[in-house]
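Next come the chains, spelled out residue by residue.
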Amino acid sequence: MFIDCHGHFTTAPPALGQWRERQIKAFEESGARVSPDELDIGDDAIRTAIEQGQLKLQRERGVDVALFSPGAGKMAHHYGDAETSLAWSRVSNDLISRVCGLFPDRFVGVCQLPQSPGEALASSVRSSAAELERCVEELGFVGCLLNPDPSDGYWQSPPLTDKVYYPLYEKMVELDVPAMVHVAMSRNPALQGTCAHYLSGDTAVFMQLCLSELFTDFPTLKFIIPHGGGAVPYHWGRYRGVMQDQGRPPLEELVLRNVFFDTCVYHRRGLELLLDVIPAENVLFASEMIGAVRGVDPETGHRFDDTKYLLESIESLGDADRRAVFGGNALRVFGRLEGVLKSRGRV
C-alpha cells in the first residue's frame, strides 16, 4: 500500500478562506468574534475541490491513501488570541473530518493544533492537547501538526523540548499519535516561507531534539520532520561531530528511535542522499501535494512533487526497504493508522 504521510487541504473551497479573513478582521478591528456557524460549505464543494485536486493526482500516481491535514501555511498562529486560534483550528479540523467522511478509503485525518505565541503559549498547549484528543477520539484522526514557531517567522517561543510542551506530549503518548513538526507561514520579510522558513525550521528542530533529554522523559514520543529533514541529511557529519564533542550519545541512540523524515524532496539526488544517510526504517513516503511546489520539472517531465516517481527510479533501494518507505513505516509510526484503515476495509 502506498501511503502519503504529508498532504494538506490547500485547495479548500474559497468560503473557508473568506471566513478566516472575516475572523481576523473582526478581532483586529474590535475584538469581535465570528461564529463558525457562519461558515457554509456544502458537500458538493468539498467533493469538487478534492476530486479535481488532490484525489486526481493520487489516482494518476497510484497513491492509495493520504494522511490529510489543514493547509500548514494557513495555520498562521500569530493572528488574534488563543480563542481565535482555537476556533480556527476546530473549523479547519472539522473540514478535514468531512473530507475523510466523504472519501473514507482515500484520506485519514491529521489535525491542526490551536497554538498561540507569547504569554498564551502554555494555555494554548493545554488547549492543543484537548483538541488533539477530540480529533483522535471523536473524528478518527491519527496525528497532528506541531508548529515549532507559533510567532510565524520570528522564533520567539522556547524550543519544542521545553517542559511547557509536556502536557501535549503526555497526550500524544497516551493516544499513540505522532506529530509532524511543521512551521506555518512566515511574516518575517527576511525569511521566505517555502524555501527558507520551512527548511530552516526543520533543521532547527532537529538540533533542539539532539540537545535535549526529551526522549528520556518520553521514550515512545514520535516526531516526523518533513521536507527530508531540511539540511539534516546533508550535514549529518556535523551533527555527529558536535554530539561527540559534547559527550552525547550517537545520533542513532539519541534521536533515531523517535524521529522520522519524510520524502518531500523534489529531486532524485536529494532523495538518494536522504536514503543513503538516514536508515530506510526512519523514512516515510510523502509528497506534500498539492503544496508549495506545483509545476512540472522540465528535466523529468513529471511534477516536482511526484516523489513516488522519483523514489521508484532509485535502483539502490531494495525491495524490503521500498515497501517500508512506501507504506510499512507509516503504519508503524502512526500507531492508530492500521486500525483506522482496517475499519474502512483498506488493510
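First, a word on scope: everything that follows refers to the structure included in this document. (Residues numbered from 1 in each chain as written. Predicted model: local features only at pLDDT ≥ 70, side-chain atom pairs only at ≥ 80, totals over all residues. Heavy atoms only, no water.)

### Overview of the pairing of strand S2 (residues 65–70)
Part 1 of the reasoning: Among the six residues in S2, six count as buried, and that is most of the element.
Part 2 of the reasoning: Summarising the sheet, strand S1 (residues 3–9) and S2 pair through five bridges and their orientation is parallel. Each residue of the ladder has a partner; that of Gly7, found in S2, is Phe68.
Part 3 of the reasoning: By the bridge criterion, three bridges tie S2 to strand S3 (residues 107–111) in an arrangement that is parallel. Within S3, the residue paired with Ala66 across the bridge is Phe107. (Buried < 20%, exposed > 50% of the residue type's maximum accessible area, 1.4 Å probe, protein only. Helix = DSSP H or I, 4+ residues; strand = E, 2+ residues; numbered from the N terminus. Pairing = 2+ DSSP bridges.)

### Here we look at the packing of helix H4 (residues 82–102) against helix H5 (residues 121–139)
Part 1 of the reasoning: For the pair H4 and H5, interaxial distance at closest approach is 11 Å and the crossing angle is 20°. Classified by the angle between their axes, H4 and H5 sit roughly parallel to one another. In the packing of H4 onto H5, the handedness of the crossing is right-handed. Across from Ser89, Arg90, Asn93, Asp94 and Ser97 in H4, the residues of H5 making contact are Glu131, Arg134, Cys135 and Leu139.
Part 2 of the reasoning: By residue class, the composition of the contact of H4 with H5 is two nonpolar, three polar and four charged. (Axes fitted to C-alpha atoms, helices over the stretch in contact; angles between N-to-C directions. Parallel < 35°, antiparallel > 145°, perpendicular 65-115°, else oblique. Left-handed = near helix turned anticlockwise from the far one by under 90°. Contact = heavy atoms within 4.5 Å. Nonpolar A, V, L, I, M, F, W, Y, C, P; charged D, E, K, R; others polar.)

### Let's talk about the layout of surface pockets
Part 1 of the reasoning: Here the largest pocket is characterised by a volume of approximately 640 Å³.
Part 2 of the reasoning: Together, 35 residues line the largest pocket, and Thr10, Gly71, Ala72, Gly73 and Lys74 are the ones closest to its centre.
Part 3 of the reasoning: A total of six residues in the lining of the largest pocket trace back to one element, the largest contributor, which is helix H1 (residues 14–30).
Part 4 of the reasoning: Across the lining of the largest pocket, the residue classes tally to 18 nonpolar, twelve polar and five charged.
Part 5 of the reasoning: Size it by volume and the second largest pocket reaches roughly 420 Å³.
Part 6 of the reasoning: Lining the second largest pocket we find 19 residues, and of these Leu199, His227, Cys264, Val265 and Tyr266 sit closest to its centre.
Part 7 of the reasoning: Its residues assigned to classes, the lining of the second largest pocket shows twelve nonpolar, six polar and one charged. (1 Å grid on protein atoms, 1.4 Å probe; cavity = no way out; pocket = protein on both sides within 12 Å on 5 of 7 lines; lining within 4 Å. Points joined across faces, edges and corners; volume = space filled by probe spheres on them.)

### Here we look at the pairing of strand S4 (residues 143–146)
Looking down a regular strand, the side chains alternate between one sheet face and the other.
Part 1 of the reasoning: Here S4 shows no split at all, with Gly143 and Leu145 on one side and Cys144 and Leu146 on the other all buried.
Part 2 of the reasoning: One ladder, built from two bridges, connects S3 with S4; its direction is parallel. Within the sheet, the bridge partner assigned to Val110 lies in S4 and is Gly143.
Part 3 of the reasoning: In this fold, the crossover linking S3 to S4 by way of H5 has right-handed handedness. (Right-handed = clockwise from strand over helix to strand, strands pointing away.)

### Topic: H5
In an α-helix, one turn spans 3.6 residues; hence positions three or four apart end up facing the same way.
Part 1 of the reasoning: An ideal rise of 1.5 Å per residue puts 27 Å on 19 residues; H5 measures up with 25 Å between its terminal C-alpha atoms.
Part 2 of the reasoning: Where H5 is concerned, the buried positions are Leu121, Ser124, Val125, Ser128, Ala129, Glu131, Leu132, Arg134, Cys135 and Val136.
Part 3 of the reasoning: Following H5 by one or two positions, Gly140 has its phi on the positive side, about 80°. (Expected span 1.5 Å × (residues − 1).)

In short, the description is geometric, and any link to function would need to be established separately.
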